[in-house]
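Structural characterization, general
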Amino acid sequence: MELPASFEVTRQGTSERYSCQLSWLDNSSASQVVELQEYILKTLANKEFFYPLTPAEFGLILTGEGGLALGAVVEEQLIGFGAVYFPENNDDNLGRDVALCGAELKQVVHLEVCFVHPEYRGNALQTRMSALLLKRVSQLKEYRHLFSTVMPANLPSLISQFKQKMKIVALKQKYNNSWRYIFYRDLWAKEHFVEEEDKRETISVSNLDLPRQLTLLSHGYQGLGYRKTEAGIEILYVRES
Ligand SMILES: CC(C)(COP(=O)(O)OP(=O)(O)OC[C@H]1O[C@@H](n2cnc3c(N)ncnc32)[C@H](O)[C@@H]1OP(=O)(O)O)[C@@H](O)C(=O)NCCC(=O)NCCS
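Residues numbered from 1 in each chain as written. Predicted model: local features only at pLDDT ≥ 70, side-chain atom pairs only at ≥ 80, totals over all residues. Heavy atoms only, no water.

Some remarks on the pattern of salt bridges
What the rule picks out here adds up to ten salt bridges. With a shortest N-O distance of 3.7 Å, Glu75 and Arg11 are connected by a salt bridge. Here Glu75 is found in the loop between β3 (67-74) and β4 (77-85), whereas its partner Arg11 is found in the loop between β1 (5-10) and β2 (17-24), with 64 residues between them in sequence. In this structure, the salt-bridge partner of Arg200 is Glu240, at a minimum N-O distance of 2.7 Å. One end of the pair, Arg200, is in the loop between β8 (179-186) and β9 (202-206); the other, Glu240, is in the segment after β11 (233-239), and 40 residues separate them in sequence. Note on Arg200: relative accessible area 36%, which makes it partly exposed. A residue is classified by how much of its surface remains accessible, and Glu240, at 33% relative accessible area, is partly exposed. Salt bridges sharing partners connect three or more residues here, namely Arg11, Glu75 and Glu119. (Salt bridge = Lys/Arg side-chain N within 4 Å of Asp/Glu carboxyl O. Helix = DSSP H or I, 4+ residues; strand = E, 2+ residues; numbered from the N terminus. Buried < 20%, exposed > 50% of the residue type's maximum accessible area, 1.4 Å probe, protein only.)

Written out as structure tokens, the structure is:
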């Protein structure tokens, strides 16, 4: 198995540095992945942040049939997991939320899930794993439309999606009617994000102000970036159409 990356991480509460390896996972890691997800769920302060994958969904991804999975390992223990999913014509294809159809649905890839053991958070593992997954997906050439969903209050995930140059194109009630941003990136297009030379009017809105964001999105605005404030985070909306 190819080893895509190796670097040092710190464990919360200690100053020691540990060697961490990222590697592609297959079905032989299924029980470790399910066990880590169970631990994440048990220790999660806000259960709404994370909608867990079912064993069947893990199976589809870990066999390589419907996705790709990366694991982060420290001292032979799985401490992080990230995956992309190729939804094809399935009902859960997020392309349907923005009216993609036909052949376009087959080009959809979801940045599906990422979780990191609480003791190893803050090492940019989500950002690193997402970047490696997307590099691999881009090499495959057949996937163009990248989507993901993020709960508006989940700051690390929000920041991480913007770091992958994704933008907010919708805000919808998804899993168990819980609100989710729908992030999108056209993997074949030139990059676009709020840059200094971008002279378009930018409207900043708190990530927690859902009514205002719904209004802006319904008027052709998209969330192209964020800024940190004392109170939390504001999304930078720009009119795209
Ligand atoms: C979400 C999660 C995977 C993030 O993992 P991580 O590797 O620690 O995240 P990163 O270190 O890449 O952090 C990304 C950014 O969020 C910031 N961040 C992290 N925790 C934060 C917090 N509690 N509040 C505000 N910002 C935070 C980091 O500082 C970083 O921003 P920066 O680069 O500008 O400093 C991890 O918190 C987790 O496993 N949560 C539970 C499962 C979950 O919610 N998964 C996401 C949905 S699938």
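Continuing now.
Focus on the domain arrangement of the chain
Here the chain is partitioned into domain 1 (5-191) and domain 2 (193-241). A C-alpha centroid distance of 23 Å is found between domain 1 and domain 2. Between domain 1 and domain 2, the residue contacts involve 16 residues of the former and 17 residues of the latter. Between domain 1 and domain 2, the buried area comes to about 1400 Å², and carbon and sulfur atoms account for 73% of it. Connecting domain 1 to domain 2 are one salt bridge. A salt bridge links Glu240 to Lys167; the shortest N-O distance between them is 3.8 Å. At the boundary of domain 1 with domain 2, the tally comes to five residue pairs in polar contact (both at pLDDT 80 or more). For the side of domain 1 that touches domain 2, the elements supplying multiple residues, two or more each, are α5 (155-163), β7 (167-173) and β8. (Domains from an automatic or database assignment. Contact = heavy atoms within 4.5 Å. Buried area = accessible area lost by both parts, 1.4 Å probe. Polar contact = N/O pair within 3.5 Å; in protein donor to acceptor, adjacent residues only side chain to side chain.)

What to know about the site of the ligand
In the neighbourhood of the ligand, 21 residues make up the surrounding shell, with Cys114, Val116, Gly122, Ala124 and Lys163 lying closest. Take Gln126: an N or O atom from its main chain is 3.0 Å from an oxygen atom of the ligand. Between the ligand and Asn154 there is a distance of 3.1 Å, counted from an oxygen atom to a side-chain nitrogen or oxygen. In isolation the ligand has 940 Å² of accessible area, and contact with the protein removes 72% of it. (Near = heavy atom within 4 Å. Areas by Shrake-Rupley, 256 points an atom, 1.4 Å probe, with all protein chains shown as cover.)

A look at the packing of aromatic side chains
For the structure on display, the rule yields eight aromatic pairs. On the basis of an interplanar angle of 70° and a centroid distance of 5.6 Å, the ring pair of Phe50 and Phe115 is categorised as edge-to-face. With a gap of 65 residues between them, Phe50 in the loop between α1 (30-43) and α2 (55-62) and Phe115 in strand β5 (residues 108-116) connect regions that are remote in the sequence. Here Phe50 and Phe115 have matching classes, each one buried. Ring pairing ties together the aromatic residues Phe50, Phe58, Phe81 and Phe115, which thus form one cluster. (Phe/Tyr/Trp six-rings, centres within 6.5 Å; stacked < 30°, edge-to-face > 60°.)

Quick word on α2
Every buried residue of α2 is accounted for by Phe58, Ile61 and Leu62. Looking down the long axis of α2, one finds its buried residues gathered within 90° of arc, a one-sided arrangement. For α2, the elements touching its buried residues are α1, β3, β4 and β5. Trailing α2 by a residue or two, Gly64 shows a phi angle of about 85°, which is positive. (Arc of directions from axis to C-beta.)

Focus on the environment of Val109
Along the chain, the position of Val109 falls in strand β5. In this structure Val109 comes out as buried when scored by relative accessible area, which is 0%. Spatially, the C-alpha atoms of Val109 and Tyr85 are 5.8 Å apart, while their sequence positions differ by 24 residues. For Val109, the residues in contact, after removing those within four places along its chain, are Val84, Tyr85, Phe86, Pro87, Val137, Tyr143, His145, Leu146, Phe147 and Leu187.

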